[in-house]
Amino acid sequence: MLTLASKLKRDDGVKGPRTSNSASDSTRRVSVRDKLLVKEVAELEVNLPCTCEVKFPDPNKLHYFLLTVNPDEGYYQNGTFQFEIEVPDAYNMVPPKVKCLTRIWHPNITETGEICLSLLREHSIDGTGWAPTRTLKDVVWGLNSLFTDLLNFDDPLNIEAAEHHLRDKEDFRTKVDDYIKRYAR
């Protein structure tokens, strides 16, 4: 992270006319996405939920990171769930791409990692989808909330999990606990 931030500061400090050398221009150019990410990652680190941890496998690539959520209440308490977040070049006009890497029994996350979270939708009928005013902090807090207050059995992506909960809450809890023991430690 510091490397890209340092590069941005160094580039901002360059004064005077630029040379016409296209190679040096291209090495100096930083995308709008990367400029936004430097600011948003700094804000995220200050405002990260206590149940979350962010890891950047490559500190020079702020557009790709891993989020770990360790819920401290509810059905998913004591589990460790990892998400892969990739921020596309067109960010902030389009939402980040998010996938759950941990197998989970959840009404809003499929077993293959697809996630139903309205703010990750590029177009949303209810107006709660992605907007350029949203940030990575909103995404992280939204993913964290999928384990507590945004857990939604009424509008599921994993219909089988939601129906299981409606049919037998105790057996649902048992299956969630089994998945946590097998996949989320």
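Remember, it's a predicted structure, so these values are computed and weren't measured experimentally.

Novice: Explain the pairing of strand β4 (residues 97–100) here, please?
Specialist: The two faces of a sheet get side chains in turn, since along a regular strand they alternate between them. The side-chain alternation of β4 yields one buried face, formed by Val-98 and Cys-100, and one unburied face, formed by Lys-97 and Lys-99. Direction of pairing for strand β3 (residues 81–86) relative to β4: antiparallel, over a ladder of four bridges. Looking at the pairing, Phe-83 lines up with Cys-100 of β4.

Novice: So what exactly am I meant to see when it comes to the pairing of strand β2 (residues 64–69) here?
Specialist: For β2, the tally of buried residues reaches five of six residues, placing the bulk of the element in the interior. When strand β1 (residues 52–55) meets β2, the two strands line up antiparallel, connected through four bridges. Of the residues in β2, the one forming a bridge with Val-54 is Leu-67. Pairing analysis gives six bridges linking β2 to β3, with the strands arranged antiparallel. In the sheet register, Thr-68 faces β3, and the bridge partner there is Gln-82.

Novice: Teacher, can you tell me more about the UniProt feature "active site" (unreviewed entry) in the protein chain here?
Specialist: With numbering matched to this structure, UniProt assigns "active site" (unreviewed entry) to Cys-116. Along the polypeptide, Cys-116 turns up in the loop between β4 and α4 (136–145).

Calculation notes
- Residues numbered from 1 in each chain as written.
- Predicted model: local features only at pLDDT ≥ 70, side-chain atom pairs only at ≥ 80, totals over all residues.
- Heavy atoms only, no water.
- Buried < 20%, exposed > 50% of the residue type's maximum accessible area, 1.4 Å probe, protein only.
- Helix = DSSP H or I, 4+ residues; strand = E, 2+ residues; numbered from the N terminus.
- Pairing = 2+ DSSP bridges.
- UniProt positions renumbered as here; feature names shortened; annotations may be inferred.

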